[in-house]
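As a plain string of letters, each chain reads:
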Amino acid sequence: MYLNSGILMNFLKHYSNDALGPVQYDEAVFLYGFALTVAPKKVLEFGSLLGHSTRVWLEAGCEVTAVDIKISPEVRQLQAEYPGMLRLCEMPMQEYLPDFREQFNLVFWDAGHNYEISKQTYNNIYQNVRFSYHVIHDTGEWMFDTCPKHIQDNWPGGFKRKHQHQPDEYEFANYLEADGMQRIEFHTIRKFRHGLTVLKR
């Protein structure tokens, strides 16, 4: 599969670089290119929300298992758009237990934002994902003057130091690195970015 400029244009309908919660446009483009490059056949996604990251994997031709405590109508609609490619599991991430024979090529972590829960989930599925790529969302830091106005308005007076987006996600990345994985960060304080960390054994 090759990079499709039409897909990138279509992403503009679904993603924004000013978004606070879901994957941003630039991150979606990066993840799409990453998926085309490493070509994971099976993706395990924790945290589908409105389907922003889910759509990226599906557009890249991946089979996706999406786990979320509440599956949104937007994500269910993706099953119709990509028949046979998306399996939905509505449950807390720490309760998900795949068949021991199932192997995932990539795991996307964007649920819970709780170090202990992420660690428990990883240990539960260790044999299924030991040699997978792991992509953790929300590991970046912000500077106040790079934030969109709607975010600045939530911090009257601003903040002087860097703001860690989701500290527990960064700590979880540390845990995976300590388990023997190599790690690279994809974010910058020069732009408002949620941040992505990629790890691989």
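A quick note: this is a predicted structure, and the numbers were derived from the prediction, not measured. (Residues numbered from 1 in each chain as written. Predicted model: local features only at pLDDT ≥ 70, side-chain atom pairs only at ≥ 80, totals over all residues. Heavy atoms only, no water.)

## Some thoughts on the pairing of strand S1 (residues 42–46)
Along S1, 4 of the 5 residues are buried, which leaves the element largely enclosed by surrounding structure. Looking at chain direction, S1 and strand S2 (residues 63–68) are connected through 5 bridges and run parallel. Opposite Phe46, over in S2, you have Val67 as the bridge partner. On the question of chirality, the crossover connecting S1 to the parallel S2 by way of helix H3 (residues 52–59) is right-handed. Bridging between S1 and strand S4 (residues 106–109) involves 4 bridges; their strand directions are parallel. Paired with Glu45 across the strands is Phe108, a residue of S4. (Buried < 20%, exposed > 50% of the residue type's maximum accessible area, 1.4 Å probe, protein only. Helix = DSSP H or I, 4+ residues; strand = E, 2+ residues; numbered from the N terminus. Pairing = 2+ DSSP bridges. Right-handed = clockwise from strand over helix to strand, strands pointing away.)

## Considerations on the side chain of Ser118
As for its placement among the helices and strands, Ser118 is situated in helix H5 (residues 115–124). Exposure remark for Ser118: the relative accessible area of 1% places this residue in the buried category. Not counting the four nearest positions on each side in its chain, Ser118 is found in contact with Met93, Trp109, Ala111, Glu169 and Phe172. (Contact = heavy atoms within 4.5 Å.)

## Observations regarding the packing of H5 against helix H8 (residues 167–178)
Running from amino to carboxyl end, H5 crosses H8 at an angle of 35 degrees, the nearest separation of the two axes being 8 Å. Two packed elements cross with a definite hand, and for H5 against H8 that hand is right-handed. Packed against H5, whose contacting residues are Tyr115, Ser118, Lys119, Tyr122 and Asn123, the element H8 presents Asp168, Glu169, Glu171, Phe172, Tyr175 and Leu176 at the interface. Of the residues assigned to the contact of H5 with H8, the class counts are 5 nonpolar, 2 polar and 4 charged. (Axes fitted to C-alpha atoms, helices over the stretch in contact; angles between N-to-C directions. Left-handed = near helix turned anticlockwise from the far one by under 90°. Nonpolar A, V, L, I, M, F, W, Y, C, P; charged D, E, K, R; others polar.)

## Describing unusual backbone geometry
The backbone of Leu49 shows a phi angle near 45 degrees, a positive value even though the residue is not glycine. Inspection of the secondary structure puts Leu49 in the loop between S1 and H3. Among the residues examined, Leu49 registers a relative accessible area of 47% and is labelled partly exposed. Its identity as a non-glycine residue notwithstanding, Asp138 has a phi of 75 degrees, on the positive side.

## Comments concerning the sheet that holds S1
The strand order across the open sheet built from 7 strands is S3-S2-S1-S4-S5-S9-S8, with neighbouring strands paired in mixed fashion. In this open sheet, the two edge strands, each paired with only one partner strand, are strand S3 (86–90) and strand S8 (182–186). Averaged over all pairs of adjacent strands, the angle between their axes in this sheet comes to 15 degrees, without regard to strand direction. For strand S5 (residues 133–137) and strand S9 (residues 196–200), the ladder comprises 5 bridges, and the chain directions are antiparallel. In the sheet register, His134 faces S9, and the bridge partner there is Leu199. Against the sheet, helix H2 (residues 25–38) makes contact with S4, S5, S8 and S9, and its axis sits at roughly 175 degrees relative to S5, the strand it touches most. H8 rests against S4, S5, S8 and S9 of the sheet, and its axis sits at about 160 degrees to S5.

## Focus: empty space enclosed by the protein
Enumeration over the complete set of coordinates arrives at 1 cavity of 30 Å³ or more. Along the walls of the largest cavity sit Pro22, Val23, Gly47, Ser48, Leu49, Leu50, Gly51, His52, Ser53 and Asp110, which together make up its complete lining. Of the residues in the lining of the largest cavity, the class split is 4 nonpolar, 5 polar and 1 charged. (1 Å grid on protein atoms, 1.4 Å probe; cavity = no way out; pocket = protein on both sides within 12 Å on 5 of 7 lines; lining within 4 Å. Points joined across faces, edges and corners; volume = space filled by probe spheres on them.)

## Remarks on the packing of aromatic side chains
Inspection of the entire model under this criterion finds 13 aromatic pairs. Aromatic pair Phe30 and Phe186: ring centres 4.6 Å apart, planes at 40 degrees, arrangement tilted. Placement of the pair is Phe30 in helix H2 and Phe186 in strand S8, with a sequence separation of 156 residues. By relative accessible area, Phe30 is classed as partly exposed at 26%. Residue Phe186 is classed as partly exposed on the basis of its relative accessible area, which comes to 34%. Following the ring pairs from residue to residue traces out a cluster consisting of Phe46, Tyr96, Trp109, Tyr115, Tyr122, Tyr126, Phe172 and Tyr175. Across the ring face of Tyr170, the terminal group of Arg183 is positioned such that the distance to the ring centre comes to 4.7 Å. Taking the ring centre of Tyr133 as reference, the NZ or CZ of Lys200 above it sits at 5.3 Å. (Phe/Tyr/Trp six-rings, centres within 6.5 Å; stacked < 30°, edge-to-face > 60°. Lys NZ or Arg CZ within 6 Å of the ring centre and 35° of its normal.)

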